[in-house]
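Chain and residue survey
Chain residues, written in single-letter form:
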Amino acid sequence: MATDAKAQEEKRSFPHKYEDILKDFGASNDSSSPAKVPSKVKYPGIFDQPKKKRYWVDREGNNCFVLYARALTITFGEDDRYWRWNPVYAASSVYVDAAELLDVLSLEVKGDFETAYLTPGTVYEVSYIIMMKDPKYGWEDKVEFSVTPPQNLQIVPRNSTLDLRTKGRWWSYVRVAEFTTSPGQSGRMYFMLRQTVGKWKKGLVIKGVDITPK
């Protein structure tokens, strides 16, 4: 019985869905005991092979994620008349691609995430990581942020706006929603940044979407 209890305690010591996440990220894994959980999942964590997303475990043992701009769907994102892709620092000497808006009328940036990977019983926030770069124009009209959860997840939306004062080398976290996960949580969560009316726009730089505990 003592051996069984120890085995159950070790099982609880692993990060939530640890093996599934590493498989999704294409990373190696030794899960014979919690002591062998690779230190690389501690902050700053690991990147998937195309460097589109990052995973780490915080000090409380909660799973944390960033989906970088290459993991998002950006309208006209591959047209160099409207968007430019630039390498920016992410973590641990790793650089990722950020999307810089050159000039566009219809702005739409969206993505999705599997909520089963999030640690149960944890309050999470969803935030866009952005920067406003000079010269900038066309931001007089409101930009819409939205998060659509799976049916078994309740979210609290936040009234968020782009911080036009944020520029240069400083990233701003625009928090758009928060929610509490539960045991057995699953289903995809969808999020979007959009402004399809208004003026031609320039100056927005998108690094990615942050999904981390509050």
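Rules used in this analysis
- Residues numbered from 1 in each chain as written.
- Predicted model: local features only at pLDDT ≥ 70, side-chain atom pairs only at ≥ 80, totals over all residues.
- Heavy atoms only, no water.
- Helix = DSSP H or I, 4+ residues; strand = E, 2+ residues; numbered from the N terminus.
- Buried < 20%, exposed > 50% of the residue type's maximum accessible area, 1.4 Å probe, protein only.
- Contact = heavy atoms within 4.5 Å.
- Areas by Shrake-Rupley, 256 points an atom, 1.4 Å probe, with all protein chains shown as cover.
- Arc of directions from axis to C-beta.
- Phe/Tyr/Trp six-rings, centres within 6.5 Å; stacked < 30°, edge-to-face > 60°.
- Lys NZ or Arg CZ within 6 Å of the ring centre and 35° of its normal.
- Salt bridge = Lys/Arg side-chain N within 4 Å of Asp/Glu carboxyl O.
- Pairing = 2+ DSSP bridges.

Concerning the overall build of the protein
Helix and strand counts for the protein stand at two helices and 13 strands. A burial count over the protein gives 47% of its 214 residues as buried. Long-range contacts, defined as pairs at least 24 residues apart, comprise 69% of the intrachain contacts of the protein with a sequence gap of at least 6. Split by element, the accessible area of the protein, about 11600 Å² in all, is 49% carbon and sulfur.

What about helix 2 (residues 18-25)?
Those residues of helix 2 lying buried are Tyr18, Ile21, Leu22 and Phe25. The arc enclosing the buried residues of helix 2, seen along the axis, measures out at 95°, which places them on a common side. Considering only its buried residues, helix 2 is in contact with strand 1 (46-47), strand 2 (53-57) and strand 3 (63-68). Within two residues after helix 2, Gly26 carries a phi angle of roughly 70°, on the positive side.

Here we look at the packing of aromatic side chains
Aromatic rings in a pair are described by how distant their centres are and how their planes are angled relative to each other. Under the criterion given, the structure shown has 13 aromatic pairs. Where Tyr128 meets Phe191, the ring centres are 6.5 Å apart and the plane angle is 85°; that geometry is what we call edge-to-face. With Tyr128 in strand 8 (residues 123-137) and Phe191 in strand 12 (residues 188-195), this pair connects stretches of sequence that are 63 residues apart. Taking relative accessible area as the criterion, Tyr128 reaches 1% and is therefore assigned buried. A relative accessible area of 2% means that Phe191 is categorised as buried. Among the aromatic residues, ring-to-ring pairing joins Phe25, Tyr55, Phe65, Phe113 and Tyr117 into one connected group. Sitting over the face of the ring of Trp85, Arg70 holds its NZ or CZ atom 3.8 Å from the ring centroid.

Some thoughts on the pattern of salt bridges
Under the counting rule described, the total for this entry stands at 15 salt bridges. The partner of Glu100 in a salt bridge is Arg84, with the nearest N and O atoms 3.6 Å apart. You can see Glu100 sitting in strand 6 (residues 94-101) and its partner Arg84 sitting in strand 5 (residues 83-91), a full 16 residues away along the chain. Judged by relative accessible area, which is 7%, Glu100 ranks as buried. For Lys133, the salt bridge is made with Glu100, and the minimal N-O distance between the two is 3.3 Å. Of this pair, Lys133 sits in strand 8 while Glu100 is found in strand 6, placing the two residues 33 residues apart along the sequence.

Looking at the pairing of strand 7 (residues 107-114)
Burial analysis of strand 7 places six of its eight residues in the buried class, which makes it a mostly covered element. Across two bridges, the pairing between strand 4 (residues 73-74) and strand 7 is antiparallel. Paired with Thr73 across the bridge in strand 7 is Lys110. Here strand 7 runs beside strand 12; their pairing, made up of eight bridges, is antiparallel. Across the sheet, the residue bridging to Val109 is Leu193, located in strand 12.

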